[in-house]
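# Structural overview
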Amino acid sequence: MASNQPVIKADARNEFGKGAARRARRAGKVPGVIYGHGHDPIHFAVDRLEITALVRNHGVNAVLELEIDGEQHLTMVKHIDQNVLTLDIDHIDLLTIKRGEKVEVEVPVTVTGEPAPGLMINQDAYELLVEANVLSIPEELVASVEGAEDGTVVTAADVELPEGTTLVADGETVVATVSVPEVDEELEAAAEAAEEGGAEAGAESEEEAEESASEESSDNE
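Residues numbered from 1 in each chain as written. Predicted model: local features only at pLDDT ≥ 70, side-chain atom pairs only at ≥ 80, totals over all residues. Heavy atoms only, no water.

Our working rule: UniProt positions are given in the numbering used here, feature names are shortened, and annotations may be inferred rather than shown by experiment.
An unreviewed UniProt entry lists the protein under the name Large ribosomal subunit protein bL25, with Corynebacterium endometrii given as the organism. Of the comments in the UniProt record for the protein, the one headed Sequence similarities (unreviewed entry) reads "Belongs to the bacterial ribosomal protein bL25 family. CTC subfamily."

## Regarding the overall build of the protein
Operational definition: Secondary structure follows DSSP: runs of H or I at least 4 residues long count as helices, runs of E at least 2 residues long count as strands, and numbering of each begins at the N terminus. Only protein chains enter the area calculation, which uses a 1.4 Å probe; residues under 20% of their type maximum are buried, those over 50% are exposed, and those in between are partly exposed.
If you tally the helices and strands in the protein, you get three helices and 13 strands. Burial analysis of the protein (221 residues in total) assigns 32% to the buried set.

## Re the sheet that holds strand 7 (residues 102-112)
We count it as follows: At least two bridges found by DSSP between two strands are what make those strands a pair.
The strand order 10-7-9-12 describes an open sheet built from four strands, whose pairing is mixed. Where the open sheet ends on each side, the last strands, each with one partner, are strand 10 (141-144) and strand 12 (166-167). As paired elements, strand 7 and strand 10 share four bridges and run parallel to each other. Opposite Val-111, over in strand 10, you have Ala-143 as the bridge partner.

## Quick notes on the environment of Val-33
Rule in force here: Only heavy atoms matter for contacts: two residues are in contact if any of them lie within 4.5 Å across the pair.
Structurally, Val-33 can be placed in strand 2 (residues 29-36). With a relative accessible area of 12%, Val-33 lands in the buried category. Each C-alpha atom, one on Val-33 and one on His-91, is 8.5 Å from the other, the two residues being 58 residues apart in sequence. Apart from residues lying up to four places away in sequence, Val-33 is in contact with Pro-41, Ile-42, His-43, Phe-44, His-91, Ile-92, Asp-93 and Leu-94.

## A word on empty space enclosed by the protein
Here the idea is plain: a probe the size of a water molecule rolls over the atoms and shows the empty space left. Stated precisely, the cut-off is as follows: Points on a 1 Å grid, built from protein atoms alone, make a cavity when a 1.4 Å probe fits but cannot get out and make a pocket when they are open with protein on both sides within 12 Å along at least 5 of 7 lines; residues with an atom within 4 Å of a point are the lining residues. Grid points are joined across faces, edges and corners, and a volume is the space filled by probe spheres set on the points. Per the annotation, domain bounds derive from an automatic or database assignment of domains.
Following the criterion strictly, the structure yields one cavity of 30 Å³ or more and no others. Considered as a void within the structure, the largest cavity measures approximately 60 Å³ in volume. Lining the largest cavity are 10 residues, and of these His-58, Asn-61, Ile-137, Pro-138 and Glu-139 sit closest to its centre. Here the lining of the largest cavity spans two domains, since at least three of its residues come from each of domain 1 (7-97) and domain 2 (104-179).

Encoded structure:
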């Protein structure tokens, strides 16, 4: 969970538009904006490596102190735009927050454990909406299927939440199911046909080889 907030320095941004954003990216910076709590938006540019490391180490709901011109702003990551080719962060939105307030956030869900032998896991939900203290947002939620039998359904209500975190999503939201692997009858039939075809081809090849050998023997006589 987020507890000690990292401090990252950024530069105030006074140029706007696509051209200015491209220049910032070429300089190794990520353009961004802080908004929320009725304040005017604050535009900034932050080092790409620093902000990328923050998201990687603290998750998509990372909380940080962004320092601009000597003033620190307590914020949390609200939205990230990634380049579809390089996957670099192209732009980042930060939300102004206050200590002690609660926020609703989407938190990633990880399914852990092994079901009963021969069964497979199907994960249906990868994030759940919860409400948590802004300084104690869980980085992930865990749903266990350890030893689960065929037909087991894990819902959002079954996911254990950290203290101080409450579920906002519908409790009946299906997170994961456990079932017997389905057999694709068409693929299985095609495989069997290919196997039989290979066997027949092999048998024909043997017959042809025998006939050829017999003809050569006759010619030699």
